[in-house]
Amino acid sequence: MSSSEDESGEEYLFKIVIIGDSAVGKSNLLSRYARNEFNLHSKATIGVEFQTQSMEIDGKEVKAQIWDTAGQERFRAVTSAYYRGAVGALVRELVVQIGESIAKEDYEEFGRGKSWVKPSMGDSMEFRSSWFWFLSSCLHIVTIWVMSIYTKLRFDAWCEVLRSTHSDTTVARMLVGNKFDLENIRDVSVEEGKTLAESEGLFFMETSALDSTNVKKAFEIVIREIYNNVS
Ligand code: GDP
Ligand code: MG
């Protein structure tokens, strides 16, 4: 985007955009990174918002202006306007996508740290409960299968948005699988995420805006990569 000189030395400013489907945790990733805040009941983002966060690389101050989508992820026109805010050619993207489809209510019902509980076969060796377990396992397998197809489709769609707005190959891109804290009920495996990312030459990282896992790291990898590309 821009780099300017002042008496304190070189200063860099990069624009990063976070894109991905609604409710995957984009706004919370940003608020966790920029303000160390998390909101379980966050509303869809209204209006275009960005946060600026600095880090030091090679003794230089590198500022990242990170933009959050306006909760209008579904409309391509809005998305391209969002990209247009970038000055110059050095726009960098942070792609956020998640296979985790769990609804908040389900999350609350299962609770953190709990998993699909296999009915105890010890004292209550009931046919019904094992039958229930069998059916729920089948359902789970089908869900995983459907989710992996869905994730691939959404990933391709977002990559296409990136391609159509930025053909520049030096754009730093990362695929982020958020809600890592819900790992025990995940729909998309780590391998799957990695494979998807590799297929498009993206960095890959699993994060949790809720418990902060890898959030800082993910943003900093992207910022560092942008810095490496321009310096
Ligand atoms: P956005 O539409 O992509 O901006 O998603 P939000 O940041 O608004 O998050 C959507 C919902 O997912 C909210 O209820 C968040 O509290 C929740 N959420 C976001 N990140 C995480 C996470 O890392 N773990 C869990 N368990 N929930 C998350
Ligand atoms: Mg949002």
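Keep in mind the model is a prediction, meaning the values are calculated, not measured. (Residues numbered from 1 in each chain as written. Chains lettered and ligands numbered in written order. Predicted model: local features only at pLDDT ≥ 70, side-chain atom pairs only at ≥ 80, totals over all residues. Heavy atoms only, no water.)

J.: Sorry if this is basic, but what is going on with the site of ligand 1 here?
T.: With respect to spatial proximity, 21 residues lie near ligand 1, and among them Ala23, Lys26, Asn39, Leu40 and Asp181 are the closest. Take asparagine 28: an N or O atom from its side chain is 2.8 Å from an oxygen atom of ligand 1. In this structure, an oxygen atom belonging to ligand 1 sits 2.8 Å away from a main-chain N or O atom of alanine 209. Within the complex, the protein chains bury 93% of what would otherwise be the 570 Å² of accessible surface of ligand 1. When contributions to the shell around ligand 1 are tallied by element, the ones reaching two or more residues are helix H1 (26–35) and helix H3 (104–110). Counting residues per element, the shell around ligand 1 draws most heavily on H1, which supplies three residues. Per-class residue counts for the shell around ligand 1 are eight nonpolar, eight polar and five charged. (Near = heavy atom within 4 Å. Polar contact = N/O pair within 3.5 Å; in protein donor to acceptor, adjacent residues only side chain to side chain. Areas by Shrake-Rupley, 256 points an atom, 1.4 Å probe, with all protein chains shown as cover. Helix = DSSP H or I, 4+ residues; strand = E, 2+ residues; numbered from the N terminus. Nonpolar A, V, L, I, M, F, W, Y, C, P; charged D, E, K, R; others polar.)

J.: I would appreciate a short explanation of the packing of aromatic side chains in the present structure.
T.: Here a ring pair, both rings aromatic, is described through the centre-centre distance and the interplanar angle of the planes. Enumeration over the complete set of coordinates arrives at five aromatic pairs. Ring plane angle 15 degrees and centroid distance 4.4 Å describe the contact between tyrosine 33 and phenylalanine 219, whose orientation is recorded as stacked. Separated by 186 residues along the polypeptide, tyrosine 33 in helix H1 and phenylalanine 219 in helix H6 (residues 215–230) bring together distant segments of the chain. For tyrosine 33, a relative accessible area of 8% puts it in the buried group. We classify phenylalanine 219 as buried; its relative accessible area is 2%. Through pairs of rings, three or more aromatic residues link up here, namely Tyr12, Phe14 and Tyr227. (Phe/Tyr/Trp six-rings, centres within 6.5 Å; stacked < 30°, edge-to-face > 60°. Buried < 20%, exposed > 50% of the residue type's maximum accessible area, 1.4 Å probe, protein only.)

Taken by themselves, the reported measurements are silent on function.
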